[in-house]
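Reading the structure
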Amino acid sequence: MHDLHATPERPCGTQVEAIPSHELDRLEEIIGRYGGRSRYLIPALKDAQEMFGYLPKEVQHRLAGGLNVPASRVFGVVTFYSFFTTTPRGRHTVRICLGTACYVKGSTRILETVTNGNGLGFNGGSTSEDGRFTVEPVRCLGTCGLAPVIMIDADVHGNISPSNIIKHFDNYS
Amino acid sequence: MSAHQHRMRIRSCAGTLCIARGSMDVKKALEKELIKRDLQTDIEVCMGNCNGFCGKGPVMAVEPDGVFYSELKPKHVSRIVEEHVLKGIIVQELLFKEETAEDRLPLMKDTDFFGLQKLIVLRNRGLIDAESIDQYIARDGYAALAKALGEMSPINVIQEIKRSGLRGRGGAGFRTGLKWEACKEESNLPKYIICNGDEGDPGAFMDRSVMEGDPHSVLEGMAIAGYAVGAEQGYVYVRAEYPLAIERLQKATADARDYGLLGEDILGKGLNFNIEIYPGAGAFVCGEETALIKSLQGLRGMPRPRPPFPVHKGLFGHPSVINNVETYANVNPIILNGADWFTSIGTEQSKGTKVFALTGAVKNIGLVEVPMGTTLRSLIFGIGGGIEKGRSFKAVQIGGPSGGCIPAGLESVEIDYESLKSVGAMMGSGGVVVMDETTCMVDTARFFTNFLVEESCGKCTSCREGLKVMQDKLTDIIEGRGREGDVEFLQGLAQHVSATSFCGLGKTSANPVLSTIRYFREEYDGHIRDKHCRALSCESLIDFEVMDDKCTMCGACYRKCTSGAITWEKKKVASIDREQCTRCRNCIQACRFRAIR
């Protein structure tokens, strides 16, 4: 099966080969889960992104057909909502909160620390060299009591500082 | 359910923030210790829902004593068992200590943080397992639904909500009773009950706590609304950033269905009502009700003009009631205790309580619920414990990106919908971010404008282009390129954007800029004329010069400098080499004497 996450040879944001048709057949399960109804497009896209790691054109077209929605509308939805991506991401998504409470506690410094060195291999970009992590700034994770906060996948890590952030990354392969 | 009587119950908080700080490790260590001493049948250990005291987690409450331990680690467990559980001696050092108090206070109700609050929406906090419908029911859960179905007609329910004066807690403050009444009068079926769980305001996490910690309170409120207006289907729209809330709401819905409290013929009274949980996908604008409706239909969340209002034409073109999480959580107490009880709390125009997320530079960070009419002073200095690190109060931001800042000097402002508007702010959803002298107000205006530029749906030219121009102008000012006339330009443009946008995002986008200009004009002038940021936050506008008369020669700046730009010796004033300096501001943050300008 395709490993569809970003790798050093195929960093985040590059063109990748299309997902083959027989793999796209796995989307039928998602389409069935939502009864082929167009109004469940958003949860269907979330499930599809979890399945493949990202939402390239061929995935969008399959879902469009299965849920009876024009492909242009699927594209419009994918590009509107920030949780969706059309290019491969690292295996783990790191969300660094830049909401008000985190901002006044210096969260922009944390973003800089992560993307600019410190051995994580981001080199100013958003995905680490080894394909483990993609970093995204987000606007308020709603965990302001622990500001500054980051989320790695579904785990919340609070009271982050430039000096302690690296050790959180070590727990994720 | 077992009839075994425990002599003590220890609740370990299972809210997202405490879990992130290791509360489940503490709970496991506690369970192990109790088994080791063969106490597991005597002492019950269970999950507690969020207590609101998020800044001091992990927390644990011991019942029936009401003793409250905070900032716990697994290593503390053996002392708690040895001394408190076995000998009844409270472990003083692990108790929460308020900065202003002489001693640590064992009982929650004796602390200012808890004592000044009044819990209606958060009535179950810290007292139940969020995943247990039985525990919700044990505290009068679903009793309001039973009363409504058994003793009241739909019109009675609406009258009670109207009389209570309950106003929408999402920010706009529209009278809930009127909204329900308008929907009831529509005849176009089916109708829908929608809960707005898209809490997107940066700095707000009240709804998260209710959805994760007391999900049934939301479901019950929605079911009662369904009965009142004649709807049989409800949706809770939950933002994607709250996976635990989605999970808990889904479990709660399933449990309620099992118990016949949702589904067909509820409580045998003929009401059919089902609730579905629908996830968001990361778009702040979807908190706007017409955008939310679009999103529920699987579309881009772009607002549309109103009228028609959703109560007349909403989801799929049908009459829909859309209310905030906190609004629904108020319904059970109002129905059970009556409208008169509710009107006895709060002010003339704003009844009841409001939940606030108190964050920023205060000592006590967390969720608090206070009666409307409470002063800012009580909130910030009473409950909040004042400003940390010995700094001084500068301003408080209320209402998120739609709100404004209220400066020091206006602490006597009472919190209600009208008085906040009169000082240029807004209740908003309840995010309260406290700022001290190290926060630059021009930068704050830019922060919110940046946020709005990213989250704007793009439909209205003024919002889409105007906010971008404001962002660029503010960036110019912050980076030292500000000119005379810039402030007037910003004011004019902000007012224009506000007047020509048709959704709440654009309409209120002027507030952060206008309120900071109103109260902190001299900071803008300082950035433009003197090219100096007095908060020492905007790095282009800092001189990075040590003031000899203020320097205490402690060497703290020298130790924190990462570029070797500072020279210092014991008993000598420090000095900064501007060529080497990378403007990282470590020195300014390290200096406790404000000796660097």
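Predicted model, so just to flag it, every value in this text is computed and none were measured.

Regarding its fold elements, chain A presents eight helices and four strands. The order of α-helices and β-strands along chain A, N terminus first, is α-α-α-α-α-β-α-α-β-β-β-α. Of all 173 residues assigned to chain A, the portion counted as buried reaches 44%. In chain A, 65% of the contacts between residues at least 6 apart in sequence involve partners at least 24 apart.

What follows concerns the interface of chain B and chain A. Taken residue by residue, the interface counts 40 residues in chain B and 32 residues in chain A. Secondary-structure elements contributing two or more residues to the side of chain B that touches chain A are helix 1 (16–20), strand 8 (271–279), strand 10 (353–360), strand 14 (431–436) and helix 18 (441–455) of chain B. Counted by class, the side of chain B that touches chain A contains 21 nonpolar, 14 polar and five charged residues.

Moving on, we come to the domain arrangement of chain A. The domains assigned to chain A are domain 1 (21–80) and domain 2 (92–169). Between domain 1 of chain A and domain 2 of chain A, the C-alpha centre-to-centre distance is 29 Å.

Along its sequence, chain B is organised into domain 1 (8–108), domain 2 (133–341), domain 3 (353–436), domain 4 (441–529) and domain 5 (543–597). If you average the C-alpha positions of domain 3 of chain B and of domain 5 of chain B, the two centres end up 34 Å apart.

Moving on, we come to the pairing of strand 10 of chain B. All names here are of chain B. Buried residues dominate strand 10, accounting for eight of its eight residues. The sheet contact formed by strand 10 and strand 11 (residues 366–371) spans six bridges and is antiparallel. Its bridge partner being in strand 11, T353 is matched across the sheet by P371. Here strand 10 folds back onto strand 11, and the loop between the two strands holds five residues. For strand 10 and strand 14, the ladder comprises four bridges, and the chain directions are parallel.

Attention now goes to the sheet that holds strand 8 of chain B. Sheet strands pair via backbone hydrogen bonds, and the direction of the pair is either parallel or antiparallel. All names here are of chain B. Pairing is mixed across the open sheet formed by five strands, whose spatial order is 7-8-6-5-9. Because the sheet does not close on itself, it has two edges, and the strands there are strand 7 (263–266) and strand 9 (320–324). Adjacent strand axes in the sheet meet at a mean angle of 25°, parallel and antiparallel pairs treated alike. Sheet analysis places strand 5 (residues 192–197) next to strand 9, joined by five bridges and oriented parallel. Bridging across to strand 9, C195 finds its partner in N323.

This brings us to the nonpolar core. Within the largest apolar cluster, 233 residues are counted, with the highest numbers of intra-cluster contacts made by L45(A), I96(A), V218(B), I224(B) and V396(B). Here this core takes nine residues from helix 10 (residues 215–229) of chain B, the largest share from any one element. If near-sequence neighbours (up to four positions away) are discounted, I224(B) is found in contact with A144(B), L145(B), A148(B), V157(B), V331(B) and I335(B).

Tracing the backbone through its elements, the reader meets Y259(B) in the loop between helix 11 (243–258) and strand 7. Each C-alpha atom, one on Y259(B) and one on D134(B), is 9.9 Å from the other, the two residues being 125 residues apart in sequence.

Residues and elements named next belong to chain B. A cis amide bond links L189 to the next residue, P190, at an omega of -5°. Within the secondary structure, P190 is located in the loop between helix 8 (176–184) and strand 5. Omega for the peptide link from R306 to P307 comes to 10°, which places this bond in the cis form. Along the chain, P307 turns up in the loop between helix 12 (289–296) and strand 9. Even without being a glycine, L267 presents a positive backbone phi close to 50°. Relative to the assigned elements, L267 resides in the loop between strand 7 and strand 8. One non-glycine residue, K389, lies in positive phi territory at about 60°. Examined against the element boundaries, K389 turns out to sit in the loop between helix 16 (376–383) and strand 12 (393–398). Using a count of 9 C-beta atoms within 10 Å as the deciding quantity, one classes K389 as exposed.

Procedures and definitions
- Residues numbered from 1 in each chain as written.
- Chains lettered and ligands numbered in written order.
- Predicted model: local features only at pLDDT ≥ 70, side-chain atom pairs only at ≥ 80, totals over all residues.
- Helix = DSSP H or I, 4+ residues; strand = E, 2+ residues; numbered from the N terminus.
- Buried ≥ 20, exposed ≤ 12 C-beta atoms within 10 Å, placed from the backbone.
- Contact = placed C-beta atoms within 7 Å.
- Nonpolar A, V, L, I, M, F, W, Y, C, P; charged D, E, K, R; others polar.
- Domains from an automatic or database assignment.
- Pairing = 2+ DSSP bridges.
- Axes fitted to C-alpha atoms, helices over the stretch in contact; angles between N-to-C directions.
- Core = buried A, V, L, I, M, F, W, Y, C linked by C-beta atoms within 7 Å.

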